[in-house]
Amino acid sequence: MTGYLAPTKKVRLADLARKKADGEKWAMLTAYDFATARVFSQAGIECLLVGDSAANVVYGYATTNQVSVDEMAFLGAAVVRGAGNALVVMDLPFGSYEASDEQCVRSATDLVRRTGAHVVKLEGGVRIAPRIRALKDAGLAVCAHVGFTPQSVDSLSGFKVQGRDAGAEQLRSDTRAVVEAGTDMVVFEMVPADLAAELTAECPVPTIGIGAGSGTDAQVLVWHDMADVPAGDHRAKFVRRFGTVGEGLAAAAAEYKRAVHLGEFPGPEHAF
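Residues numbered from 1 in each chain as written. Predicted model: local features only at pLDDT ≥ 70, side-chain atom pairs only at ≥ 80, totals over all residues. Heavy atoms only, no water.

Peer 1: It is not clear to me how the nonpolar core should be interpreted in this structure. Could you clarify?
Peer 2: Here is a general trend for soluble globular proteins: nonpolar side chains tend to be buried in one another's company. Counting 57 residues, the largest nonpolar core has F40, L48, L92, L122, I132, L135 and F188 as the members making the most contacts within it. When near neighbours in sequence (up to four residues on either side) are disregarded, I132 contacts L122, V142, A144, V178, A181, G182 and T183. Membership of the second largest hydrophobic core comes to 17 residues, among which are L49, M185, I208 and V220. (Core = buried A, V, L, I, M, F, W, Y, C linked by side-chain atoms within 4.5 Å. Buried < 20%, exposed > 50% of the residue type's maximum accessible area, 1.4 Å probe, protein only. Contact = heavy atoms within 4.5 Å.)

Here it is as C-alpha cells:
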C-alpha cells in the first residue's frame, strides 16, 4: 500500500471544492463493478466514474455511443454498492439527453434512482449548457465534460486535441457556459496543458484532466489503461501505466490451466 487510506467519511462535492481552494490534488478512476470499486475506494481514490467507456472495455463495442441507459444502470448500481465513501459520478450515455431538457432530466433522474450515483456527467459546452441548468433546477449534481468529447468523435473528425489556436476561444466559451449553467465540476479532455491550467485557475469549480496536463485540480484515467489491462489496440499518449495487472492476470490464468491439466488442482486440501 502507498499509505493513502480510504476516506473516513463520505466524500462530498464540498470536500472537493475545499481541496481546490487549498491547492490539494485528488484522483478519479473509472469503475464498472462492485469488486473494483471496493478496491479503488480502499486505496483512497476520492471519486469513481462509471464512464460510458464501459462500451469499449466492458461490452466490447466499437464506440462509446453504442452503450444504453440500461447497460450503464446495471454497472452503476454495482459500483455504488462497492464504492464505500468515494463519490460516484455517472455518465449519461449518448442519446439519453440531447433531444430536450425534459429528456435529459428524465434520463438523469432514472439513472440516479436506479444506481444511487451522486453526480451525473454529460458532454458538451455552450450547446449543452441549457441541459446542465435543467439538471440543476431538478436538484441534481452535475459534472460537465468539454474539450474532446468522445460521443462527438465523428463530428470532431476523430481523436484530436481540442483548444489549439482558434479553438482556444471556443474552449473558453464552453467552460464559461457550463460554469454559468451551474455545473459542479468540469472535465477537460485532450486540451493543451497551458490552456487547461489557465482555465482551472479561473474556474470556480474543480477541474479534472485527462490528457490536459498537470494544471487541473484532479486527474482521471480509465482503470484498464492505468493498470495495463488491454481492451483494444490503441493507447492514448496521455496514458501512464501504474501497474501490469493484465500481465499478472494472464499469468495466473495460465498457471491455473497448467495445474488443472496436470491434475495438481484441486488437491486434497481443496476437497470436502
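Okay, back to it.
Peer 1: Whenever I open this one, the packing of aromatic side chains confuses me. Can you help?
Peer 2: Two descriptors summarise a pair of aromatic rings, namely the distance from one centre to the other and the angle between the planes of the rings. Here the structure, examined in full by the defined rule, presents three aromatic pairs. On the basis of an interplanar angle of 70 degrees and a centroid distance of 6.0 Å, the ring pair of F40 and W223 is categorised as edge-to-face. Of this pair, F40 sits in helix α2 (residues 34-42) while W223 sits in helix α9 (residues 223-226), placing them 183 residues apart in sequence. Its relative accessible area of 9% is what places F40 among the buried residues. Judged by relative accessible area, W223 falls into the buried class, the value being 14%. (Phe/Tyr/Trp six-rings, centres within 6.5 Å; stacked < 30°, edge-to-face > 60°. Helix = DSSP H or I, 4+ residues; strand = E, 2+ residues; numbered from the N terminus.)

Peer 1: Any chance you could explain the environment of Y61 here in plain terms?
Peer 2: Structurally, the position occupied by Y61 is in the loop between α3 (54-57) and α4 (69-82). Residues Y61 and I128, spaced 67 residues apart in sequence, show a C-alpha to C-alpha distance of 25 Å. Apart from the residues within four sequence positions on either side, Y61 is in contact with A55, N56, Q66, V67 and E71. Reaching out from Y61, the side chain makes a polar contact with the side chain of E71 at a distance of 2.6 Å. (Polar contact = N/O pair within 3.5 Å; in protein donor to acceptor, adjacent residues only side chain to side chain.)

Peer 1: Can you walk me through the pattern of salt bridges in this structure?
Peer 2: For side chains of opposite charge, pairing can occur when their charged atoms come near one another. For the coordinates displayed, the defined rule picks out 16 salt bridges. The salt bridge partner of K19 is E24, with a shortest N-O separation of 2.8 Å. Bridged by salt links that share partners, the residues D70, D110, R113 and R114 form one connected network. (Salt bridge = Lys/Arg side-chain N within 4 Å of Asp/Glu carboxyl O.)

Peer 1: What am I meant to see in the sheet that holds strand β5 (residues 142-147) here?
Peer 2: What holds strands together in a sheet is hydrogen bonding between their backbones, with the strands either parallel or antiparallel. With parallel pairing, eight strands are arranged side by side around a closed barrel as β1-β2-β3-β4-β5-β6-β7-β8. For this sheet, the mean angle separating the axes of adjacent strands, direction not counted, is 25 degrees. Relative to strand β3 (residues 87-91), α4 is tilted by about 175 degrees, and along the sheet it contacts β2 (47-50) and β3. Lying over the sheet, helix α7 (residues 167-181) contacts β5 and β6 (185-189), oriented at roughly 170 degrees with respect to β5. (Pairing = 2+ DSSP bridges. Axes fitted to C-alpha atoms, helices over the stretch in contact; angles between N-to-C directions.)

Peer 1: How should helix α5 (residues 101-115) be read in this particular structure?
Peer 2: Given 3.6 residues to a turn, an α-helix orients residues that are three or four positions apart in the same direction. For α5, spanning 15 residues, the distance from its first C-alpha to its last is 21 Å, which sits close to the expected 21 Å at 1.5 Å a residue. Within α5, burial applies to Q103, C104, S107, A108, L111 and T115. The buried residues of α5 occupy an angular sector of 125 degrees when the element is viewed end-on, so they sit on one face. Projecting away from the buried face of α5 at angles above 90 degrees are the exposed residues E102, R106 and R113. The elements touched by buried residues of α5 are α4, β3, β4 (119-123) and α6 (129-137). Looking one or two residues beyond α5, the residue adopting positive phi is G116, at roughly 85 degrees. (Expected span 1.5 Å × (residues − 1). Arc of directions from axis to C-beta.)

Peer 1: What is the right way to look at the state of the cysteines in this model?
Peer 2: Between two cysteines, a covalent bond joining their sulfur atoms is known as a disulfide. In total, this model carries zero disulfides according to the counting rule given. A disulfide-free cysteine, C203 has its sulfur positioned 10 Å from the sulfur of C143, the nearest such atom. Overall, C203 belongs to the buried group, its relative accessible area being 6%. (Disulfide = S-S within 2.5 Å.)

Peer 1: Even after reading the chapter, I still don't get a nonpolar patch on the surface, so can you show me in this structure?
Peer 2: There is a patch of nonpolar side chains on the surface, built from Y256, V260 and F265 and spanning about 280 Å² of accessible area. Take V260: it is sitting in helix α10 (residues 245-261). Given a relative accessible area of 37%, V260 falls into the partly exposed group. (Patch = residues over 30% accessible without salt bridge, like charges linked within 9 Å, V, L, I, M, F, W, Y side chains within 5 Å. Areas by Shrake-Rupley, 256 points an atom, 1.4 Å probe, with all protein chains shown as cover.)

Peer 1: Can you walk me through the side chain of K19 in this structure?
Peer 2: Along the chain, K19 turns up in helix α1 (residues 13-22). Residue K19 is classed as buried on the basis of its relative accessible area of 16%. Among all residues touching K19, those that are not within four sequence positions of it are E24, W26 and E46.

Peer 1: Where do I start with the packing of α4 against α5 in this structure?
Peer 2: In a pair of packed helices, the angle between the axes and the distance between the axes together describe the arrangement. Orientation of α4 relative to α5, taken along the N-to-C sense of each, is 40 degrees, at an axis distance of 8 Å. Relative to α5, α4 is oriented oblique. Crossing of α4 over α5 shows right-handed handedness. Together, V69, D70, M72, A73, G76, A77 and V80 of α4 and D110, L111, R114 and T115 of α5 make up the contact between the two elements. (Parallel < 35°, antiparallel > 145°, perpendicular 65-115°, else oblique. Left-handed = near helix turned anticlockwise from the far one by under 90°.)

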